[in-house]
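These are the residues of each chain, in order.
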Amino acid sequence: MIAEFTTDLIENRWWFDDQEWLVLSTPASDRLRQLGRLAVVVGAGIGGLAAAGALAPYFERVEILERDSVTTAVASRSGTPQDRHPHGLLAGGLRALDRIFSGFKHDLAAAGAVPVTFARDVQFERPDVGVLPKRDFGISVLCAKRPLIELVLRRRAEAVANITLRSASRVIGIVPAAGGAGVRGVQFVNGSGRFETLDADLVVDASGRGAPTLSLLDALCWDRPQMTEIGVDITYATAVVEIPPHATSEWKAVLTLPDPPYVALHAIIVPTEDGRWISAIADHNATARIETWEAFLEASRSLITPTVYNALRYAQPPGSIRHYRFPVSTWKHFERLPHLPRGVLLIADAFCRFNPIHGQGMSSAGKQALLLQDVLDRAAEDPDPIAALQAGFMTEVASVLETPWTMSTSADLAFPQTRGKRPDNFAEAREFEAALFRAAVADPVVHRAMLEVAQLLQPQQRLREPEIMRRIEAATRAVVTQAAA
């Protein structure tokens, strides 16, 4: 029933095309605060679409240039090769996107995304503490495949009157302004194969790799940013199966962590909008790909618990096993440059590319776009709003990136073979994490705080607040006392 409703919802587009009230326009009050005539966004992924939504009230027009040909149906794109694998839109990311596009959460649920409540519906398994308690903290997410999430967001963006998405438009480069201190616009090849140039007041690089901005810096003979790289060399195999008729009702999703350096495998099972599970097994030590369903099941038996194996062993074999390899997490520190060329900003993977197995990329992109929206509101009052926008965003963006970056890289660096510099306090940080999880098992307050940070609802500093630290220390003392008894 859900699948039929989803198909009708998407293919007939009734929730946009037949609802005139959803075709948005820029309010008159906001038009008085516009920063410029045209903003161009390079890339129509989650970051690019969200950025366009943030920009729309502050520019006469917003043009999104997307290299891929996008359709009105749920479909994978060549520009997002990882979209056939599990994706997680964390609670912080869902909240951010819903603030930029009011109604996005409703649309995603209406399209069939499965609600999952933390920690009640999630089997979270960690080697040192076992299974975390299934407490209900009222923190909900919506689980769906990446193409559906992107389609619903794209429909929201296209419903805004002054946003235009140009499909099959390959950006050649950002064109510098005369004198070389700023940006004139963007040159691209359109869907008909013709070269075009858009003169723009602002260019937002959401291209994924940041190549347009890096090439612009090269053309201007400016320094490229420093980079922090964490070489994870992770591979994962993904299977999509029908949920077995007698599947357990104890959980909706599973996250099974590895046990470095002894067990390099971790796994996830997530429900999708079409009544299926999408499951991935990731490996930090892969020597050969998992090519068959039998090999997939056999690999699941090597996890720290039999939960995934027991869930999948009765499923009908999938048509194929899909693969993805991710070599390195990269933070290009544009925020450390003295300044950027006037009229250019970066967002999402163009700025910071996370190991996707931790499920932070889409949510981080949404939160960066929400920051962009907040800074735009302040910059609109400045005599030089474009300069104020650039300065404000680049000053604050690190605060959005630090929590997901630290969490993911800390987990990756626990494997000895991971390439990258470990922080001086790395051993201490790992000990604190172990103490945090022990406390979370015993103390619901610590458990909630940990989840809020993991879901990007709170910054990581929340876990170092005096109240939480006292509770962690109390739980540690209780464990020591119990062990001595």
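All figures in this text were calculated on a predicted structure; none of them were measured in a lab.

## What to know about the nonpolar core
Part 1 of the reasoning: In terms of nonpolar packing, the biggest core is built from 97 residues, with Leu 55, Phe 59 and Phe 104 touching the most fellow members.
Part 2 of the reasoning: Counting residues per element, this core draws most heavily on helix α12 (residues 385-413), which supplies 10 residues.
Part 3 of the reasoning: Among residues more than four places away in sequence, those in contact with Leu 55 are Ala 39, Val 41, Val 62, Leu 202, Val 204, Leu 372 and Leu 376.
Part 4 of the reasoning: Counting residues in hydrophobic clusters, the runner-up holds 32 residues, among them Val 240, Leu 257, Ile 278 and Ile 472.

## Focus: the packing of aromatic side chains
Any aromatic ring pair is given by two values, namely how distant the centres are and how the planes are angled relative to each other.
Part 1 of the reasoning: All told, the structure shown has 7 aromatic pairs when counted by the stated rule.
Part 2 of the reasoning: Directly above the aromatic system of Phe 437 lies the positively charged group of Arg 126, at a separation of 4.1 Å from the ring centroid.
Part 3 of the reasoning: One Lys or Arg, Arg 464, reaches over the ring of Phe 432 and ends 3.7 Å from the middle of that ring.

## Concerning the layout of surface pockets
The rolling of a water-molecule-sized probe over the atoms marks out the regions of remaining empty space.
Part 1 of the reasoning: Estimated volume of the second largest pocket: approximately 1,000 Å³.
Part 2 of the reasoning: In terms of lining residues, the second largest pocket is bounded by 46 residues, among which Gly 79, Ser 207, Gly 208, Arg 209 and Asp 349 are the most central.
Part 3 of the reasoning: Elements represented by at least two residues in the lining of the second largest pocket include exactly α4 (46-55), β8 (170-176), α8 (211-219), β16 (322-332) and α11 (361-379).
Part 4 of the reasoning: Looking at the lining of the second largest pocket, its residues break down into 20 nonpolar, 17 polar and 9 charged.

## Quick notes on the packing of helix α13 (residues 426-442) against helix α14 (residues 444-454)
Part 1 of the reasoning: Following both chains from N to C, one finds α13 and α14 inclined at 125°, their axes separated by 6 Å at the closest point. Between α13 and α14, the crossing angle belongs to the class labelled oblique. In terms of crossing hand, the pair formed by α13 and α14 is left-handed. On α14, the residues touching Leu 436, Phe 437, Ala 439, Ala 440 and Ala 442 of α13 are Pro 444, Val 446, His 447 and Met 450.

The rules behind these values
Residues numbered from 1 in each chain as written. Predicted model: local features only at pLDDT ≥ 70, side-chain atom pairs only at ≥ 80, totals over all residues. Heavy atoms only, no water. Core = buried A, V, L, I, M, F, W, Y, C linked by side-chain atoms within 4.5 Å. Buried < 20%, exposed > 50% of the residue type's maximum accessible area, 1.4 Å probe, protein only. Helix = DSSP H or I, 4+ residues; strand = E, 2+ residues; numbered from the N terminus. Contact = heavy atoms within 4.5 Å. Phe/Tyr/Trp six-rings, centres within 6.5 Å; stacked < 30°, edge-to-face > 60°. Lys NZ or Arg CZ within 6 Å of the ring centre and 35° of its normal. 1 Å grid on protein atoms, 1.4 Å probe; cavity = no way out; pocket = protein on both sides within 12 Å on 5 of 7 lines; lining within 4 Å. Points joined across faces, edges and corners; volume = space filled by probe spheres on them. Nonpolar A, V, L, I, M, F, W, Y, C, P; charged D, E, K, R; others polar. Axes fitted to C-alpha atoms, helices over the stretch in contact; angles between N-to-C directions. Parallel < 35°, antiparallel > 145°, perpendicular 65-115°, else oblique. Left-handed = near helix turned anticlockwise from the far one by under 90°.

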